[in-house]
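The residues making up each chain are set out below.
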Amino acid sequence: MIVAKQKPIEEIIEGVRDYEKILIAGCNECVTVCEAGGKKEVGILASALRMYFMNQGKNMKIDEVTLERQCDHEYLEELRKIIDRYDVVISLACGAGVQFMAEKYFRTRVLPGVDTCFMGVTEERGVWSERCQGCGKCILGETAGICPISRCAKRILNGPCGGSTKGKCEIDKELDCAWQLIIDRLNELGRLDDYEKIIPIKDWSTERAGGPRRVVREDLRL
Amino acid sequence: MRIQYPENIKIIGVPCTGKVDVLHLLRAFEKGADGVYVVGCLEGDCRFNSGNLRARKRVEQAQHILESIGVGGERVQMYNLSSGEGPRFAEIAVEMTEKIRKMGPNPIKISKEKNGCMI
Amino acid sequence: MNTNTPSKLEKILAAGHLAVTSECGPPRGSDGEFVTKKAKMIKDHVDAINVTDNQTSVTRLCSLAACIHLKLMGVEPVLQMVTRDRNRIALQSDILGAASFDIYNILCLSGDHQIFGDNPHGQNVFDLDSINLVQTVRFMRDEAKFLGGEDIQRPPKMFVGAAANPFADPFEIRVRRLAKKIAAGAEFIQTQCVYNVEKFESWMKMARDRGLHEKTYILAGVTPLKSAGMARYMKNRVPGMDVPDGIVKRMSGVPKEKQPEEGIKICVETIQRLREVEGVRGFHIMAIEWEEKVPEIVERSGLYPRPEVV
Ligand code: SF4
Ligand code: SF4
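Residues numbered from 1 in each chain as written. Chains lettered and ligands numbered in written order. Predicted model: local features only at pLDDT ≥ 70, side-chain atom pairs only at ≥ 80, totals over all residues. Heavy atoms only, no water.

Engineer: Please give an account of the arrangement of the chains that cites residues and values.
Structural biologist: Sorting the 2 pairs of chains in contact by contact count puts chains A and C at the top. There is a gap between chain B and chain C: no contact, and a shortest C-alpha distance of 27 Å. (Contact = heavy atoms within 4.5 Å.)

Engineer: So what's going on with the site of ligand 1? Which residues, and what values?
Structural biologist: For ligand 1, the full set of nearby residues is R131, C132, Q133, G134, C135, C138, I139, L140, C147 and I149 of chain A. Considering only residue class, the shell around ligand 1 consists of 7 nonpolar, 2 polar and 1 charged. (Near = heavy atom within 4 Å. Nonpolar A, V, L, I, M, F, W, Y, C, P; charged D, E, K, R; others polar.)

Engineer: Report on the sheet that holds strand β2 (residues 21–27) of chain A, specifying residues and quantitative values.
Structural biologist: In any sheet, the strands associate via hydrogen bonds between backbone groups, in a parallel or an antiparallel arrangement. Residue and element names in this part refer to chain A. Spatial ordering of the open sheet is given by β3-β2-β4-β5, a layout of 4 strands whose pairing is parallel. Edge strands, defined here as strands with exactly one partner in the open sheet, are β3 (61–67) and β5 (109–112). Neighbouring strand axes in the sheet, compared pairwise and without regard to direction, differ in orientation by 25° on average. Examined bridge by bridge, β2 and β3 share 7 bridges and lie parallel to one another. Opposite A25, over in β3, you have V65 as the bridge partner. Sheet strands in contact with helix α5 (residues 95–104) are β2, β4 (88–91) and β5, and its direction is about 175° off that of β5. (Pairing = 2+ DSSP bridges. Helix = DSSP H or I, 4+ residues; strand = E, 2+ residues; numbered from the N terminus. Axes fitted to C-alpha atoms, helices over the stretch in contact; angles between N-to-C directions.)

Engineer: Kindly report on the pairing of β4 of chain A, identifying the contributing residues and their values.
Structural biologist: Residues and elements named next belong to chain A. Residues V88 and I90 of β4 are buried on one face, and the alternating residues V89 and S91, pointing to the opposite face, are buried as well. Where β4 and β5 come together, 4 bridges link them in parallel fashion. Within the sheet, the bridge partner assigned to S91 lies in β5 and is P112. As a crossover connection, the stretch from β4 through α5 into β5 is right-handed. (Buried < 20%, exposed > 50% of the residue type's maximum accessible area, 1.4 Å probe, protein only. Right-handed = clockwise from strand over helix to strand, strands pointing away.)

Engineer: How would you explain the nonpolar core if you had to name every residue and give the values?
Structural biologist: Among the nonpolar cores identified, the biggest contains 68 residues, and I106, L178, F200, F283 and I285 of chain C are the most heavily contacted of them. Contacts of F283 of chain C, omitting those with residues within four sequence positions, involve L18, A19, V20, T21, L219, A220, I271, L274, R275 and L303 of chain C. The next biggest cluster of nonpolar side chains, apart from the first, holds 49 residues, and it includes I22 and I62 of chain A together with I65 and L66 of chain B. (Core = buried A, V, L, I, M, F, W, Y, C linked by side-chain atoms within 4.5 Å.)

Engineer: How would you summarise the layout of surface pockets if you had to cite specific residues and measurements?
Structural biologist: All names here are of chain B. Size it by volume and the second largest pocket reaches roughly 1,400 Å³. What lines the second largest pocket is a set of 41 residues, among which K10, I11, I12, Y37 and V38 lie closest to the centre. When residues of the lining of the second largest pocket are traced back to their parent elements, those giving at least two are α1 (22–30), β1 (36–40), α2 (51–68) and α3 (86–103). Of the residues assigned to the lining of the second largest pocket, the class counts are 22 nonpolar, 12 polar and 7 charged. (1 Å grid on protein atoms, 1.4 Å probe; cavity = no way out; pocket = protein on both sides within 12 Å on 5 of 7 lines; lining within 4 Å. Points joined across faces, edges and corners; volume = space filled by probe spheres on them.)

Engineer: Got a sec to walk through the sheet that holds strand β5 (residues 159–164) of chain C? Specific residues and values, please.
Structural biologist: All names here are of chain C. Strands sit in the order β1-β2-β3-β4-β5-β6-β7-β8 around a closed barrel of 8 strands; the barrel is parallel. On average, each strand axis in the sheet is inclined to that of its neighbour by 30°, with strand direction left out of account. Relative to strand β7 (residues 217–222), strand β6 (residues 188–193) runs parallel, the two sharing 4 bridges. Each residue of the ladder has a partner; that of C193, found in β7, is G221. Where helix α3 (residues 63–72) meets the sheet, its contacts fall on β2 (48–51) and β3 (77–82), and the angle it forms with β3 comes to roughly 175°.

Shown next as structure tokens:
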């Protein structure tokens with residue numbers, strides 16, 4: 001899923017201070033799972049903002065809505081009838097949702113309510129960590145199912161670097177060295193000989209470096 | 001045993017403090033409460049394992065939010081005690097009342113009254 | 001082994017001599033004399049001088065410019081190049097720049113993470129890793145082509161090296177990793193500083209068992225300790241460094257003013273022991289901000305005078 005974390009409330013307050021009618025829009029997908037932008041967080045943010053502005057003696061209209069998804073036209077359309085009632089929308093969806101909302105409702109100011117962090121997993125309740133950077137050409141088959149692009153601090157394709165210490169990365173004693181994980185798993189799989197295959201210079205054109213990406217499936221288009 | 005505690009306190013019963021959500025706590029302040037405290041079982045004694053520990057975390061989150069928006073984080077607190085501690089329950093009620101008295105009324109309430117805002 | 005380049009370092013190694021290299025870190029400023037002064041102190045006692053590339057991610061005068069200063073004073077430089085800061089365009093371009101000054105040696109590294117340096121908030125590049133960089137230089141030299149496939153006019157003639165850390169984790173792949181670097185085209189290897197001699201020897205033995213010592217020239221790294229404090233710091237703080245307790249004890253066992261001499265002694269003893277190890281083809285003496293001691297270490301280790309080659 002896409003993992004995000006809530007922006008500090010002070011930052012959100014600064015962003016909406018000059019408006020009067022605010023819609024807080026959550027999303028029922030990833031940001032709900034990582035407890036950053038689902039229905040519950042929408043409610044908490046709305047309550048906090050209401051109290052803040054009441055305390056300032058300012059009468060604000062603060063409404064709440066949580067869409068099934070903000071990255072799909074279908075669900076975003078649900079706002080069409082009401083969007084003009086608001087001066088600003090705080091979207092608690094990931095960066096993709098915020099943008100899609102802004103694209104669709106071109107004349108409404110849309111502000112991000114979360115910081116979108118990465119694509120990752122729930123390690124345990126309250127702990128999420130990165131697993132993929134969407135490089136557009138997956139090499140997990142060659143790296144024992146562990147991604148050195150997202151999990152090695154230097155995205156080294158032929159690691160580990162000389163800084164790997166006791167299984168941890170040189171930049172942080174709490175962080176697993178991705179290459180230690182790869183080697184351990186190759187070992188488990190009885191494939192340590194594969195370690196000696198050099199991973200060639202990577203074609204990064206399918207990654208961010210190649211510019212904004214698109215996937216087009218002709219068979220699915222009408 | 002009937003326990004005497006200050007009358008200004010309104011008790012809301014929940015099956016387990018683990019049921020208490022940040023939003024419940026915030027709403028109480030939005031509606032004008034001056035202080036809120038959650039009383040859970042002793043840590044380690046939760047029938048659902050970690051209900052009271054979760055409650056503590058949520059109280060902390062509510063404290064953080066209330067502090068950030070200028071209402072005052074100290075207005076919400078967590079206490080733990082065992083079911084046999086009636087007198088301690090009363091003690092906590094007095095302690096909390098004192099604390100909130102010192103802090104004064106919920107600033108939102110004052111502001112609402114002054115500005116005639118609708119709840 | 002025959003030589004592939006005009007590198008003096010390569011010639012000395014190919015002739016069967018024990019090679020001696022040292023290193024010099026460029027200044028945090030634009031004073032070129034800083035480099036030439038250091039080089040003057042040691043140039044008659046070493047065969048080549050490595051110039052570090054923004055080591056520990058701290059911004060400094062660039063490695064290439066410092067190498068040119070050395071070259072112009074008649075000293076043989078080893079251009080260290082990390083992949084942290086430059087993409088494949090910049091790397092190839094700098095390699096050509098170095099080649100245009102007839103810099104004949106390159107050491108390919110990935111580099112420390114920028115978090116350790118003076119710009120922890122900067123981007124890193126890592127378009128290639130160190131093994132990919134070895135492949136790149138070899139490709140440019142041997143095929144006379146750019147990575148993009150076009151011909152290079154006057155291709156670089158560089159003797160290509162890589163680093164190896166016999167002590168880093170995980171130990172089970174230390175030799176496999178060396179094999180990988182050699183397969184990528186590393187013609188010489190400079191190792192992490194050796195304090196744990198036994199561990200280094202067992203690594204060398206495993207390398208010999210696979211015949212790796214005949215496929216590349218291994219130069220053992222050494223760094224004289226200045227004080228017991230430095231020994232402890234290296235032991236506890238520097239990732240991938242192995243300083244045995246015995247060394248720390250020995251350093252702290254002598255009075256403070258005698259510690260520098262003890263450090264030099266340990267360094268000389270290490271060299272004398274390692275020169276007997278089959279497969280060790282030379283030494284890389286990294287005297288961090290203590291370059292003036294390099295001549296003494298070289299002489300006391302019996303590595304002076306340096307051989308002449310044509
Ligand atoms: S290799 Fe690429 S696609 Fe595969 S997990 Fe890593 S970043 Fe994602
Ligand atoms: S220690 Fe491991 S994870 Fe960290 S940069 Fe080096 S190889 Fe990558």
